[in-house]
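Survey of secondary and tertiary structure
As a plain string of letters, each chain reads:
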Amino acid sequence: MGSRPVSDDDVYLDDAVQIAAKILVVGHFAVGKTTFIGTMSEIPPLRTEERMTQAGAHVDDLMGTRGKTTTTVAMDFGRLTLSERLVLYLFGTPGQERFVQVWEDMTRGALGALILVDPDRLKESFPVIDLVEQYGLPYAISVNRFDGTPVRPDEELREALDLLPETPIVTCDARDEKSSANALMALVRYLQERTRQEHE
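Described in the following lines is the structure provided in the data block. (Residues numbered from 1 in each chain as written. Predicted model: local features only at pLDDT ≥ 70, side-chain atom pairs only at ≥ 80, totals over all residues. Heavy atoms only, no water.)

1. As for the pairing of strand S5 (residues 76-83)
In this structure, S5 lies alongside strand S6 (residues 86-92), joined through 7 bridges in antiparallel fashion. Bridge pairing in S6 places Ser83 opposite Leu86. If you look at the hairpin formed by S5 and S6, you'll find 2 residues sitting between the two strands. (Pairing = 2+ DSSP bridges. Helix = DSSP H or I, 4+ residues; strand = E, 2+ residues; numbered from the N terminus.)

2. Section: helix H3 (residues 126-134)
Restricting attention to buried positions, one finds in H3 the residues Val128, Ile129, Leu131 and Val132. Down the axis of H3, the smallest arc covering the buried residues is 160 degrees, so these residues share one side. Here the buried face of H3 lies against strand S2 (19-27), helix H2 (103-107), strand S7 (110-117), strand S8 (139-144) and helix H4 (154-161). Of the residues trailing H3, Gly136 is marked for its positive phi of about 70 degrees. (Buried < 20%, exposed > 50% of the residue type's maximum accessible area, 1.4 Å probe, protein only. Arc of directions from axis to C-beta. Contact = heavy atoms within 4.5 Å.)

3. Regarding the nonpolar core
Leu24, Val26, Ile115, Val132, Tyr139 and Ile141 are the most contacted members of the largest nonpolar core, which has 27 residues in total. Contributions of two or more residues to this core are made by S2, S6, H2, S7, H3, S8 and H4. Formed by 23 residues, the second largest nonpolar core is a distinct cluster that contains Val25, Met40, Leu116 and Ala174. (Core = buried A, V, L, I, M, F, W, Y, C linked by side-chain atoms within 4.5 Å.)

4. What to know about unusual backbone geometry
Residues other than glycine seldom take positive phi values, yet Ala30 does so here, at roughly 65 degrees. If you trace the backbone, Ala30 turns up in the loop between S2 and helix H1 (33-40).

5. Considering the packing of H1 against helix H5 (residues 177-198)
Where H1 meets H5, the axes come as close as 9 Å, and the angle between the chain directions of the two elements is 100 degrees. Looking at the two axes, H1 sits roughly perpendicular to H5. Where H1 approaches H5, its residues Phe36, Thr39 and Met40 are matched on the opposing element by Glu177, Ser180, Ala181, Ala183 and Leu184. Along the lines of polarity and charge, the residues of the contact of H1 with H5 split into 5 nonpolar, 2 polar and 1 charged. (Axes fitted to C-alpha atoms, helices over the stretch in contact; angles between N-to-C directions. Parallel < 35°, antiparallel > 145°, perpendicular 65-115°, else oblique. Nonpolar A, V, L, I, M, F, W, Y, C, P; charged D, E, K, R; others polar.)

6. Quick word on the packing of aromatic side chains
If you walk through the whole model with that rule in mind, you get 2 aromatic pairs. Within the aromatic cluster, the residues linked to one another by ring pairs are Phe77, Tyr89 and Phe91. Seen from the ring of Phe91, Lys22 lies directly overhead, with NZ or CZ sitting 4.8 Å from the centre. (Phe/Tyr/Trp six-rings, centres within 6.5 Å; stacked < 30°, edge-to-face > 60°. Lys NZ or Arg CZ within 6 Å of the ring centre and 35° of its normal.)

7. A few points about the pattern of salt bridges
The tally for this structure, following the rule as stated, stands at 9 salt bridges. Ionic pairing is found between Glu193 and Arg196, a salt bridge with its closest N-O pair at 2.3 Å. Pair noted here: Glu193 and Arg196 are both in helix H5, with a separation of 3 residues, about one helical turn. With a shortest N-O distance of 2.0 Å, Arg196 and Glu200 are connected by a salt bridge. Overall, Glu200 belongs to the exposed group, its relative accessible area being 67%. Salt bridges here are not isolated pairs; linked through shared partners, they connect Asp118, Arg121 and Glu124. (Salt bridge = Lys/Arg side-chain N within 4 Å of Asp/Glu carboxyl O.)

Structural data, given as structure tokens:
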């Protein structure tokens, strides 16, 4: 899967784990990244959230954000062990455009990205997809189903987001462990398949 041997710089790894994979969980502002990592992390997640204030109202568009009161200002971090041989490090990036400068460091060493999208705000996903592609990261799309959002066919989403035919699309609820795990596994399988094809 393009994974690397563990070095002394790796943290939170026990002796049984021999492979670590850095995965980015990305998406536009208020799409559910912090919730997703909190749902999936087997350790207390590192969060860098700050309370949103009226002073930032002209910067962050809260339209359609469903009662959001805090925002990530640096990153979220969590860990998920898939097996004795493989652990995922999950890094969540801030969704606002003004934090784009942190992406260069965040993408270094990452194997791929899971892009969370809100089906009601697809246009806001375009800059995020552009950034992921700019840094050359393979990715999967996970549609975060908020309460009351309509189901949209995969082909409609694929066309709306201008995705390649092989790009995985899955649906999840970032609050639900099972569906969130399915989204991560879709990305992992995609990365494995890409690596296999590259070595054939």
